[in-house]
Amino acid sequence: MKMCIACGMPMTSIGDYPLHDITKNYCKYCAHDDGRMKTFDEKWHDLTLSYVEKHNVDYPIAKQTAYTILKKLPAWKRKW
Ligand SMILES: [Zn+2]
C-alpha cells in the first residue's frame, strides 16, 4: 500500500489516486483537476483551514501545526 507523499494519507483504492492514475505518489486531495500535484503553499493553506475547522484553534496556531505536519512528509522534506 502506498502513502501519499504530500499529506500522508494511505491510498488503498484506485479512487484515491488523481485521475485514477496509480503511478502517482500523491492522492487526489493533493492534486489539481488536471492531475498535477499541488504546491507546498497550496497544501499548507488547505491543511491550515481544515485544522481550524476540525480542532477549533486560532488561525496562526493551525498554520504552525500544519507546517510541522507537512514538513515531516516526503514531498516537502527537502524543499523547505
Ligand atoms: Zn495527499
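Refer to the preceding data block for the structure.
The present account deals with the structure reproduced in this document. Keep in mind the model is a prediction, meaning the values are calculated, not measured.

## Re the overall build of the protein
Moving on, step 1. Scanning the protein for helices and strands turns up two helices and two strands.
Moving on, step 2. Listing each helix as α and each strand as β along the protein from the N terminus yields β-β-α-α.
Moving on, step 3. What you see for the protein is a C-alpha radius of gyration of 13 Å, in line with the 12 Å of a compact globule of 80 residues.
Moving on, step 4. Its C-alpha atoms give the protein principal-axis dimensions of about 35 × 25 × 25 Å.
Moving on, step 5. Scored against the burial criterion, the 80 residues of the protein give a buried share of 29%.
Moving on, step 6. Counting contacts in the protein only where the partners sit at least 6 residues apart, residues at least 24 apart contribute 26% of the total.
Moving on, step 7. Here the protein has roughly 5,400 Å² of accessible surface; of this, 57% comes from carbon and sulfur atoms.
Moving on, step 8. Counting 13 positive and 9 negative side-chain charges, the protein places the centres of these two groups 8 Å from one another.

## Re the pattern of salt bridges
Moving on, step 1. Counted under the stated rule, the structure contains three salt bridges.
Moving on, step 2. Here K24 and D21 are joined by a salt bridge, their closest N and O atoms 2.9 Å apart.
Moving on, step 3. Here D46 ties to K38 by a salt bridge, and the two come within 3.0 Å at their closest N and O atoms.
Moving on, step 4. Judged by relative accessible area, D46 falls into the partly exposed class, the value being 29%.

## Focus: the coordination of the zinc ion
Coordination angles at a metal have ideal targets, namely 109.5 degrees for four tetrahedral donors and 90 or 180 degrees for six octahedral donors.
Moving on, step 1. C4 (SG), C7 (SG), C27 (SG) and C30 (SG) make up the full set of protein donors to the zinc ion, lying at 2.2 to 2.3 Å.
Moving on, step 2. Look at where the donors of the zinc ion fall in the sequence and you get C-x2-C-x19-C-x2-C.
Moving on, step 3. Taking relative accessible area as the criterion, C27 reaches 0% and is therefore assigned buried.

What counts as what
Residues numbered from 1 in each chain as written. Predicted model: local features only at pLDDT ≥ 70, side-chain atom pairs only at ≥ 80, totals over all residues. Heavy atoms only, no water. Helix = DSSP H or I, 4+ residues; strand = E, 2+ residues; numbered from the N terminus. Rg over C-alpha atoms; globule rule 2.2 N^0.38 Å. Buried < 20%, exposed > 50% of the residue type's maximum accessible area, 1.4 Å probe, protein only. Contact = heavy atoms within 4.5 Å. Areas by Shrake-Rupley, 256 points an atom, 1.4 Å probe, with all protein chains shown as cover. Lys, Arg positive; Asp, Glu negative; His and termini not counted. Charge placed at Lys NZ, Arg CZ, Asp CG, Glu CD. Salt bridge = Lys/Arg side-chain N within 4 Å of Asp/Glu carboxyl O. Donors = N, O, S within 2.8 Å, 3.2 Å for Na, K, Ca; no water.

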